[in-house]
Amino acid sequence: MKKIKWVTIICLTWLFVNTSALAGPGYVSRDCPAAGAKESITVDWTGGGEWFKTISYHLRKRGGGRYEREPHSSGRWWEHTWRSYAGQVGNWLKNYYYSGVYGIHYWYNTKARRVETRRKFVTSCNLGTWGFNNW
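None of these values were measured; they are calculated from a predicted model.

Student: Looking at this structure, I do not really get the packing of aromatic side chains. What am I missing?
Tutor: Aromatic rings in a pair are described by how distant their centres are and how their planes are angled relative to each other. Per the stated rule, a full pass over the model turns up one aromatic pair. A cation over an aromatic ring shows up here: Arg-69 above the ring of Tyr-57, its NZ or CZ 4.6 Å from the ring centre.

Student: It is not clear to me how the environment of Pro-71 should be interpreted in this structure. Could you clarify?
Tutor: Position of Pro-71 among the secondary structure elements: in strand β4 (residues 66-73). Sequence-wise, Pro-71 and Ser-56 are 15 residues apart; in three dimensions their C-alpha atoms are separated by 5.9 Å.

Student: What is the right way to look at the pairing of strand β6 (residues 83-89) in this model?
Tutor: Every regular strand shows the same layout, with side chains that alternate between the two sheet faces. Of the two faces of β6, only one is covered, namely that formed by Ser-84, Ala-86 and Gln-88; the face formed by Arg-83, Tyr-85, Gly-87 and Val-89 stays uncovered. Pairing of strand β2 (residues 37-44) with β6, which is carried by seven bridges, proceeds in the antiparallel orientation. Within β6, the residue paired with Thr-42 across the bridge is Ser-84.

Student: Help me out: how do you make sense of the state of the cysteines in this one?
Tutor: Disulfide: a covalent bond connecting the sulfur atoms of a pair of cysteines. Enumeration over the complete set of coordinates arrives at one disulfide. Put simply, Cys-32 and Cys-125 are joined by a disulfide, and their sulfur atoms are 1.8 Å apart. Measuring handedness by torsion sign, the sulfur bridge of Cys-32 and Cys-125 sits at about 100° and is right-handed. Of this pair, Cys-32 sits in strand β1 (residues 25-32) while Cys-125 is found in the segment after β8 (114-122), placing the two residues 93 residues apart along the sequence. Its relative accessible area of 43% is what places Cys-125 among the partly exposed residues.

Student: What is the right way to look at unusual backbone geometry in this model?
Tutor: Note on backbone geometry: most residues besides glycine have negative phi, and most peptide bonds are trans. Phi at Arg-113 takes a positive value of approximately 55°, unusual for a residue other than glycine. Take Arg-113: it is sitting in the loop between β7 (101-109) and β8.

Student: I would appreciate a short explanation of the environment of His-80 in the present structure.
Tutor: Inspection of the secondary structure assignment puts His-80 in strand β5 (residues 79-81). His-80 sits 28 residues away from Phe-52 along the chain, and the two C-alpha atoms are 6.4 Å apart. Look past the residues within four positions of His-80 in its chain and what remains in contact with it is Gly-48, Gly-49, Glu-50 and Trp-51.

Student: Please explain the nonpolar core as it appears in this structure.
Tutor: One recurring pattern in soluble globular proteins: nonpolar side chains tend to sit buried together. Counting five residues, the largest nonpolar core is built from Ile-55, Tyr-57, Leu-59, Ile-104 and Tyr-106. Taken together, the elements giving at least two residues each to this core come down to β3 (50-63) and β7. It is β3 that provides the largest number of residues to this core, a total of three residues. Discounting chain neighbours no more than four positions away, the residues touching Tyr-106 are Trp-51, Phe-52, Lys-53, Ile-55, Trp-78, Val-115, Glu-116, Thr-117, Arg-119 and Trp-135.

Rules used throughout
- Residues numbered from 1 in each chain as written.
- Predicted model: local features only at pLDDT ≥ 70, side-chain atom pairs only at ≥ 80, totals over all residues.
- Heavy atoms only, no water.
- Phe/Tyr/Trp six-rings, centres within 6.5 Å; stacked < 30°, edge-to-face > 60°.
- Lys NZ or Arg CZ within 6 Å of the ring centre and 35° of its normal.
- Helix = DSSP H or I, 4+ residues; strand = E, 2+ residues; numbered from the N terminus.
- Buried < 20%, exposed > 50% of the residue type's maximum accessible area, 1.4 Å probe, protein only.
- Pairing = 2+ DSSP bridges.
- Disulfide = S-S within 2.5 Å.
- Contact = heavy atoms within 4.5 Å.
- Core = buried A, V, L, I, M, F, W, Y, C linked by side-chain atoms within 4.5 Å.

So, in structure tokens, the structure goes:
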């Protein structure tokens with residue numbers, strides 16, 4: 001009984017901390033060949049929409065420290081949206097051929113009036129790093 005109380009307290013504390021941070025965007029790049037997905041996503045947790053652009057490079061080691069890359073983009077221009085997506089889903093053979101995702105996440109911060117960038121290189125399915133507010 002005491003264990004259940006502590007687990008409940010810890011879960012409620014975690015939920016409170018993370019939901020209080022919903023004011024900013026989040027981002028993730030993930031490399032999940034088993035799920036058939038290599039992608040980079042930038043998201044506004046409030047659902048109201050922000051100015052985003054996302055680029056996802058899918059990389060393959062070529063030897064000698066060189067990589068072959070295949071670019072994917074959320075579009076040619078910035079979009080005012082709650083979710084900006086760049087990547088490919090469902091192409092299992094091609095997803096095994098490449099070995100890594102390099103995501104570039106752009107957000108136009110209207111309050112500060114500047115473009116902010118986050119970059120992430122991953123070689124795993126890292127959904128655990130997708131925080132509620134990790135900008």
